[in-house]
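Residue strings, one per chain:
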Amino acid sequence: MDNFEYRNGRLHAEEVALSRIADEFGTPTYVYSRDALERAYLSYAQALEGRDALVCYAVKANSNLAVLNVLARLGAGFDIVSAGELERVLRAGGDPAKVVFSGVGKQPAEIRRALEAGILCFNIESDAELDRVNAVAGEMGVKAPVSFRVNPDVDAGTHPYISTGLKENKFGIAIETAVDVYRRAAALEHVEVVGMDCHIGSQLTEVSPFLDAIDRLLVLLDTLAAEGIRIHHLDLGGGLGVNYTDETPPTPGEYIAQVLQKLEGRDYKLIFEPGRSIAANAGVMLTRVEFLKQSGDKNFAIIDGAMNDLIRPSLYGAYQEIVPAELREEGETQAWDLVGPVCETGDFLGKDRQLNLQPGDLLAVCSAGAYGFVMASNYNTRPRPAEVMVDDNKVYLVRERETLNDLMRGEQLLPAQS
Ligand code: LLP
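Residues numbered from 1 in each chain as written. Predicted model: local features only at pLDDT ≥ 70, side-chain atom pairs only at ≥ 80, totals over all residues.

## Focus: the overall build of the protein chain
For step 1, the next point in the chain: Helix and strand content of the protein chain: twelve helices and 21 strands.
For step 2, the next point in the chain: A globule of 418 residues ought to have a C-alpha radius of gyration of about 22 Å, and the protein chain, at 23 Å, matches this closely.
For step 3, the next point in the chain: Here the protein chain holds 418 residues, and 47% of them are scored as buried.
For step 4, the next point in the chain: Taking all contacts inside the protein chain whose residues are at least 6 apart in sequence as the whole, residues at least 24 apart take part in 70%. (Helix = DSSP H or I, 4+ residues; strand = E, 2+ residues; numbered from the N terminus. Rg over C-alpha atoms; globule rule 2.2 N^0.38 Å. Buried ≥ 20, exposed ≤ 12 C-beta atoms within 10 Å, placed from the backbone. Contact = placed C-beta atoms within 7 Å.)

This is how it looks when you write it as C-alpha cells:
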C-alpha cells in the first residue's frame, strides 16, 4: 500500500495522518488515496500505450462518484453491471462511448437506458439475453453493439465464490456453443456483433490462466473469421489480483506485457475491466477499538467497524491486514480477534492478529478500497461509513456518513385504525 506510510509512528494517507481524519470524520470511515488510484489506472494505460485499447474500470469494485470522476478525468472507460452503475458513470463525467455493460440479468429498461446513452457494447451472457437486447433495440429502431462473454472453462485457481470461468459457473456462454450463438447474432436485425469477452475470476495471482483463456478464445476467433464473422475487439475482463498479505501477483505492466506477446500479430482492439487491481490498495477502513475483553484463552478487541461495513472477511474468509494508526512503544503485543458489534459469530474483521492494543486505539484495515464500501449493508440498522479521499495534503469528504433518517427513509407505519 504505497500511499499509506508511517511517519514518526503515525500512519499517513499521502500527506495526511489517519488520526486527523478519524478526529474530523469519526469512525468507521473509508479513506482513499487519489494518487494510488491514479497510479494504478496509469499502470494499465501506460502498458497499453501505442495499442488500440481501453481500460474499463469495473465500477462494482468501488462506485463512489469521486473515485469514478478521478478515473474519468484520466480517460478511463467503465465496466458496468446495472443501470445504477451507468447513472453513476454519467454523473461522474464518464464517457458513455467508453462503457461496456456486463452481467447475466440485464432488464429491458436497463438495456433501453444504455442504448439511449450510447454505450460502447453489451457483453451478452446468454441466448435469451441476446433476444432481449435485439428486441429492445428493435423497438427503439437502433442496432445494439454486442459482444459475447465466452466461458473458456479454465480454472482461475481462486476462491470458489469469485471464480467465474468454469463450466459449472452461471457466467457466459459455453465455448462449445459460442459459434452457434455468434452465427445467430450475425443474422439478427438489431444487433451488431463487435466483440468477444471473457472474465475468468477475481484475485488471480498468476498470468497463466489468462493466457490459457486467450488461447481458447483465439481458436474460436479463427473459426468465426473463417465464416466471415469479424470481431473488432477482444475484452479480457478483470481479475488481476493484489497483495493482501503475502501474495505476489504480477503487476498490471507484467500482465499486459504477456498478454500482448500472446496476441502478437492480432490487431483486435483490447479492452480490460480491472476493478480490484485499481482500487483495493488505494483504500483503508478506519475503525476504533471500543473494548478489550477476554473469554477463555481468547482475546477479543471489540471495534466499531463490523461485517456490515466490510464483509469480505466474514463472507469469503478473506484476510486483510489490520494495523495501528499510531505505533506504541510500551505495552504488550498479543493475539487478538477483532470483532464488531453485530450480533453474529461471523462478525469479525480479523482473527489472531498480533497487535499491541488499548481501548480507544485507531486501526486501519488495509486493502479496503475495492469491494469494501460497495458491499456494505445496514444490517443491525447500522449507518454505512463515511468515505473520504485524500489528495496530497487535502482531505475531501466524498460520501457523508449515513444518518438514521437515511436508513428509515421510505418506511411507513400501518394506519392507526388498522
Ligand atoms: N468484469 C466482470 C465481468 C466481473 O464480473 C468482475 C468482477 C470484474 C470485471 C472485475 O474484476 P476484478 O478486477 O475486480 O477482479 N466481491 C468479491 C469480488 C467479486 C468480483 C466480481 N466480478 C471480493 O470481494 O473479493
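There's more to say after this.
## So, the sheet that holds strand S3 (residues 16-17)
For step 1, the next point in the chain: Read across the sheet, three strands follow the order S1-S2-S3 without closing on themselves; strand pairing throughout is antiparallel. Edge positions in the open sheet fall to strand S1 (4-7) and S3, since each of these has one partner strand only.
For step 2, the next point in the chain: Pairing geometry for strand S2 (residues 10-13) and S3, over two bridges, is antiparallel. Bridge pairing links His12 to Ala17 in S3. (Pairing = 2+ DSSP bridges.)

## Structural notes on the environment of Phe101
For step 1, the next point in the chain: Assignment of secondary structure puts Phe101 in strand S7 (residues 99-101).
For step 2, the next point in the chain: On the neighbour-count criterion, Phe101 (30 C-beta atoms within 10 Å) is buried.
For step 3, the next point in the chain: Taking the C-alpha atoms as reference points, Phe101 and Val146, separated by 45 residues in sequence, lie 9.5 Å from one another.

## Re the domain arrangement of the protein chain
For step 1, the next point in the chain: As assigned here, the protein chain comprises domain 1 (4-31 + 280-408) and domain 2 (34-276).
For step 2, the next point in the chain: For domain 1 and domain 2, the distance between their C-alpha centroids amounts to 32 Å.
For step 3, the next point in the chain: Of the residues lining the interface, 21 residues belong to domain 1; the matching set on domain 2 comes to 18 residues.
For step 4, the next point in the chain: Going through the elements one at a time, strand S20 (386-391) and strand S21 (394-399) are the ones with two or more residues in the side of domain 1 that touches domain 2.
For step 5, the next point in the chain: Of the residues forming the side of domain 1 that touches domain 2, the biggest block, four residues, is contributed by S20.
For step 6, the next point in the chain: Here the residues of the side of domain 1 that touches domain 2 sort into twelve nonpolar, four polar and five charged. (Domains from an automatic or database assignment. Nonpolar A, V, L, I, M, F, W, Y, C, P; charged D, E, K, R; others polar.)

## A closer look at the site of the ligand
For step 1, the next point in the chain: Ser202, Gly238, Gly275, Arg276 and Tyr371 are the nearest of the 20 residues found near the ligand.
For step 2, the next point in the chain: Those elements that place two or more of their residues in the shell around the ligand are helix H10 (276-279) and helix H11 (312-316).
For step 3, the next point in the chain: A breakdown of the residues in the shell around the ligand according to their chemical character gives seven nonpolar, nine polar and four charged.
For step 4, the next point in the chain: For the shell around the ligand, the two domains that each supply at least three residues are domain 1 (4-31 + 280-408) and domain 2 (34-276). (Near = placed C-beta within 6 Å.)

## A short note on the UniProt feature "binding site: substrate" (unreviewed entry) in the protein chain
For step 1, the next point in the chain: Using the residue numbers shown here, the UniProt feature "binding site: substrate" (unreviewed entry) corresponds to Arg276, Arg312, Tyr316, Glu344 and Tyr371. Sequence-wise these annotated residues cover 96 residues; spatially they are dispersed, their C-alpha atoms as much as 27.2 Å apart.
For step 2, the next point in the chain: Structurally, the position occupied by Arg312 is in helix H11.
For step 3, the next point in the chain: In this structure Arg312 touches Ala318, Gln320 and Tyr371, once residues within four positions along its chain are discounted. (UniProt positions renumbered as here; feature names shortened; annotations may be inferred.)

## Structural notes on helix H3 (residues 65-73)
For step 1, the next point in the chain: Every buried residue of H3 is accounted for by Ala66, Val67, Leu68, Val70, Leu71 and Ala72.
For step 2, the next point in the chain: A positive phi of about 95° marks Gly75, the residue just after H3.

## Some remarks on the confidence of the model for the protein chain
For step 1, the next point in the chain: Residues at a pLDDT of 70 or more form 97% of the protein chain, whose mean pLDDT is 96.
For step 2, the next point in the chain: When pLDDT is averaged over each helix and strand of the protein chain, the minimum, 93, is found for strand S10 (residues 173-174) and the maximum, 99, for H3.
For step 3, the next point in the chain: Here the complex is predicted with pTM 0.97, and the ipTM for its interfaces comes to 0.99. (pLDDT = per-residue confidence, 0-100.)

## Digging into helix H4 (residues 83-91)
For step 1, the next point in the chain: Taken residue by residue, H4 has Glu85, Leu86, Arg88 and Val89 as its buried positions. Down the axis of H4, the buried set is contained in an arc of 160°. They therefore lie on one face. Counted as exposed and oriented over 90 degrees from the buried face of H4: Gly84 and Arg91.
For step 2, the next point in the chain: Where the residues of H4 are buried, they touch H3, strand S6 (77-80), S7 and helix H5 (108-117).
For step 3, the next point in the chain: Count one or two residues on from H4 and you reach Gly93, which has phi positive near 85°. (Arc of directions from axis to C-beta.)

## Details of the pairing of S2
For step 1, the next point in the chain: Of the strand pairs in this sheet, S1 and S2 are connected by four bridges, and their pairing is antiparallel. Its bridge partner lying in S2, Arg7 is registered against Arg10.
For step 2, the next point in the chain: Between S1 and S2, which pair antiparallel in sequence order, lie two residues; one of them, Asn8, sits at a positive phi of approximately 50°.
For step 3, the next point in the chain: If you look at the hairpin formed by S2 and S3, you'll find two residues sitting between the two strands, and Glu14 has a positive phi there, around 50°.

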